[in-house]
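Take a look at the letters that make up each chain.
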Amino acid sequence: MSSPNQQSQPSNSQSDAQSITRRQAKEDHERYVEKLINDHIPHFANLYKKKKGNIKKRKLQESSSTGEDETSSEFVGNNGHISERVFENQETLVKENAYREIQESRGYNTSTSYCAKQVEFLIFCDQHYAHRPLATRHQATGDKLLSFLYQKVINHQLRKPGTKHIEESNIDNNEGLDEETIKTDAIQKKLSYSTCNVYVSAIVDLWNYQRLMCFNSTESPHTKVITKLLKVVRMREANNNRENNVDRATTSISNGYTTKLQVAAITKHLYNNPEQFYKFSFRNAIAFLMSHYLLLRGESVRNIEFANLQF
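Residues numbered from 1 in each chain as written. Predicted model: local features only at pLDDT ≥ 70, side-chain atom pairs only at ≥ 80, totals over all residues. Heavy atoms only, no water.

### Examining the pattern of salt bridges
Counted by the stated rule, this structure contains four salt bridges. For D205, the salt bridge goes to R106, with nearest N and O atoms at 2.3 Å. Residue D205 is found in helix α9 (residues 193-212), and its partner R106 is found in the loop between α4 (84-105) and α5 (108-128); the two are separated by 99 residues along the sequence. Residue D205 is classed as buried on the basis of its relative accessible area of 5%. Accessibility expressed as a relative area gives 23% for R106, which makes it partly exposed. As a salt-bridge pair, D126 and R137 come within 3.8 Å of each other at their nearest N and O atoms. Residue D126 is found in helix α5, and its partner R137 is found in helix α6 (residues 134-137); the two are separated by 11 residues along the sequence. Exposure remark for R137: the relative accessible area of 16% places this residue in the buried category. (Salt bridge = Lys/Arg side-chain N within 4 Å of Asp/Glu carboxyl O. Helix = DSSP H or I, 4+ residues; strand = E, 2+ residues; numbered from the N terminus. Buried < 20%, exposed > 50% of the residue type's maximum accessible area, 1.4 Å probe, protein only.)

### Structural notes on helix α10 (residues 224-243)
Spanning 20 residues, α10 covers 29 Å between terminal C-alpha atoms, matching the ideal 28 Å at 1.5 Å per step. The complete set of buried residues in α10 reads I226, L229, L230 and V233. In a view along the axis of α10, the buried residues occupy a sector of 100°, so they form one face of it. Structural note: α10 exposes K224, K228, K231, R242 and E243 on the side pointing more than 90 degrees away from its buried face. Looking at the buried positions of α10, the neighbouring elements they touch are α7 (142-153) and α9. (Expected span 1.5 Å × (residues − 1). Arc of directions from axis to C-beta. Contact = heavy atoms within 4.5 Å.)

### Some points on the confidence of the model for the chain
Do not read the predicted coordinates in detail wherever pLDDT is low. On average, residues of the chain score 76 in pLDDT, and 69% of them are at 70 or above. With pLDDT under 50 throughout, residues 55-73 is counted as low confidence; its partners more than four residues away or in other chains account for 22 contacts. (pLDDT = per-residue confidence, 0-100.)

### Focus: the packing of aromatic side chains
Applying the stated criterion across every chain yields a total of four aromatic pairs. Ring geometry for F121 versus F148: centroids 5.5 Å apart, planes at 90°, classification edge-to-face. Of this pair, F121 sits in helix α5 while F148 sits in helix α7, and the two are 27 residues apart along the sequence. When the centroid spacing of 6.1 Å and the interplanar angle of 75° are considered together, the rings of F124 and Y129 count as edge-to-face. When its relative accessible area of 2% is taken as the criterion, F124 is described as buried. Above the face of the Y199 ring, K117 is positioned so that its terminal group lies 4.8 Å from the ring centre. The ring of Y129 has K144 lying over it, and the distance from NZ or CZ to the ring centre is 5.1 Å. (Phe/Tyr/Trp six-rings, centres within 6.5 Å; stacked < 30°, edge-to-face > 60°. Lys NZ or Arg CZ within 6 Å of the ring centre and 35° of its normal.)

Have a look at this one:
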């Protein structure tokens, strides 16, 4: 008879092989995603590096200087005239810088969400439109958006938060979930209407960038068919909530403190916080009231740069 140690060796080697396979798949996937971003949405390159932790979390900085003096001398012809290539490169550079500024003006969470969803769309185009030429394979069109939503989004199964979805037959994307969670959450629940709507907004944003860079001359992908499809998703979500008796007020702005007394108690706690100096406590209390009554996000209040009061 074999000893228990001998029986455990095959299982351990099998688990080690699975972990190595999954780690290798993640590394290949990250390299593939980074190449897609650099080739098709370069204005998200710094954001992707920051998300991976390659650079510190701070404001996205603009790329290095344009170097007009060097390029101008490089493309001056024998007759002393600047070639058309210089003007084309300059226009492309201006467009990229302009769209980078637009992207940086958005909130960090919005930019991160748009980047992830546009990468999903680009991967979908690589998989389903591989027979098309590179010039049109990744163009954001109404037909592609409709196919992407129908096949990958509206019936998308939920997975564990924080895990990356890698489409490999030998990779289990439900790793770390117990059987009950997989049955109830990851299979029965679908993406909400708001999430599907963000997908549409992200792909329209990709179309705007492609139009700006003269890569795409088609009409907006947000067609009437897409609007009707989103309406179906909203009706499905409403019917599902009704069948499961979901409280519609659970995610409202007043959730957690529904009365004026509770709002006053929170404000008083912030105002009389002994761990902070008085002017900081007063500022925090005002910021909370602004967020509550003006329906603002915390990031929006911080961007106001509400100064510390001087006494």
